[in-house]
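In case you want the letters, here they are:
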Amino acid sequence: MADVRIQPWIEGDLDLLRQLNSPEVRRHTGGPETDEQVVSRNARYARSSGAGPGCMFTIGLPDGTKVGSVGYWERAWRGEQIWELGWAVLPAYQGRGLATAAVLATLDAARAEGSRRWAHAYPSVENPASNAVCRKAGFTLLGETEFEYPPGHLIRANDWRIDLTGTTEK
């Protein structure tokens, strides 16, 4: 397993978010945002860190290099309150297992909150790398669904779910 550190997002992580706002990274999530949108997103991420519920994190290497983002937040899904997870890794660091390791660490943080049984992730059906992260992290594929992301933009996504309580799925 890759060695990563997740740290709560801070205002000073704006440069990382700007790097993650590339066409290559945002290909499956509606494309790059305007700088104004990135600045607004950075402020939301920083506010979410430690204020609960949910949290956005940076993904860091042992040497402190920040290489991506990962987080979880509340979502109403099919009549339940669940955690939704999302992540992104800079292109130069993709394919090394960093996203999977960061997702596993984030699941531990969500599990520690103890307020939700289920966590879901909704990668595009056209995003094999993120679907592989879900599989490697132990999520169960529930099937394809129509999913709105970003707001106002519908995509075909896979609905992946994991039980945070360790009980048997039903």
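Coordinates for the structure precede this section.
One structure accompanies this document, and this report is about it. (Residues numbered from 1 in each chain as written. Predicted model: local features only at pLDDT ≥ 70, side-chain atom pairs only at ≥ 80, totals over all residues. Heavy atoms only, no water.)

### Regarding the overall build of the chain
Looking only at helices and strands, one finds 4 helices and 7 strands in the chain. Relative to the globule expectation of 15 Å for 170 residues, the C-alpha radius of gyration of the chain, 15 Å, shows essentially globular dimensions. For the chain, the spread of C-alpha atoms along the three principal axes comes to 40 × 35 × 30 Å. Considering only contacts within the chain whose residues lie at least 6 apart along the sequence, 61% involve residues at least 24 apart. Total accessible area on the chain is roughly 8600 Å²; 50% of this is exposed by carbon and sulfur atoms. Between the centroid of the 19 positive side chains of the chain and the centroid of its 21 negative side chains there is a distance of 3 Å. (Helix = DSSP H or I, 4+ residues; strand = E, 2+ residues; numbered from the N terminus. Rg over C-alpha atoms; globule rule 2.2 N^0.38 Å. Contact = heavy atoms within 4.5 Å. Areas by Shrake-Rupley, 256 points an atom, 1.4 Å probe, with all protein chains shown as cover. Lys, Arg positive; Asp, Glu negative; His and termini not counted. Charge placed at Lys NZ, Arg CZ, Asp CG, Glu CD.)

### A closer look at the side chain of His120
Looking at the element boundaries, His120 is found in strand S5 (residues 118–121). By relative accessible area, His120 is classed as buried at 4%. A distance of 2.7 Å separates the side chain of His120 from the side chain of Asp159, its partner in a polar contact. Once you skip the residues sitting within four places of it in the chain, His120 turns out to touch Trp77, Ile82, Trp83, Glu84, Leu85, Phe139, Leu142, Asp159, Trp160 and Arg161. (Buried < 20%, exposed > 50% of the residue type's maximum accessible area, 1.4 Å probe, protein only. Polar contact = N/O pair within 3.5 Å; in protein donor to acceptor, adjacent residues only side chain to side chain.)

### Observations concerning the packing of aromatic side chains
Under the definition given, this model contains 6 aromatic pairs. Where Trp9 meets Tyr45, the ring centres are 5.2 Å apart and the plane angle is 85 degrees; that geometry is what we call edge-to-face. With Trp9 in the loop between strand S1 (5–8) and helix H1 (14–20) and Tyr45 in helix H2 (residues 35–48), this pair connects stretches of sequence that are 36 residues apart. Side by side, Trp9 and Tyr45 carry an identical accessibility label, which is buried. Of the aromatic side chains, those joined through ring pairs into one cluster are Phe57, Tyr72 and Trp83. Residue placement shows Arg116 over the ring face of Trp83; its charged tip is 5.0 Å from the ring centre. (Phe/Tyr/Trp six-rings, centres within 6.5 Å; stacked < 30°, edge-to-face > 60°. Lys NZ or Arg CZ within 6 Å of the ring centre and 35° of its normal.)

### Quick word on the sheet that holds strand S4 (residues 80–89)
On the basis of which strands lie adjacent, the open sheet formed by 7 strands has the order S1-S2-S3-S4-S5-S7-S6 and mixed pairing. Because the sheet does not close on itself, it has two edges, and the strands there are S1 and strand S6 (140–148). Across the sheet, the axes of successive neighbouring strands diverge by a mean angle of 30 degrees, strand direction being ignored. (Pairing = 2+ DSSP bridges. Axes fitted to C-alpha atoms, helices over the stretch in contact; angles between N-to-C directions.)

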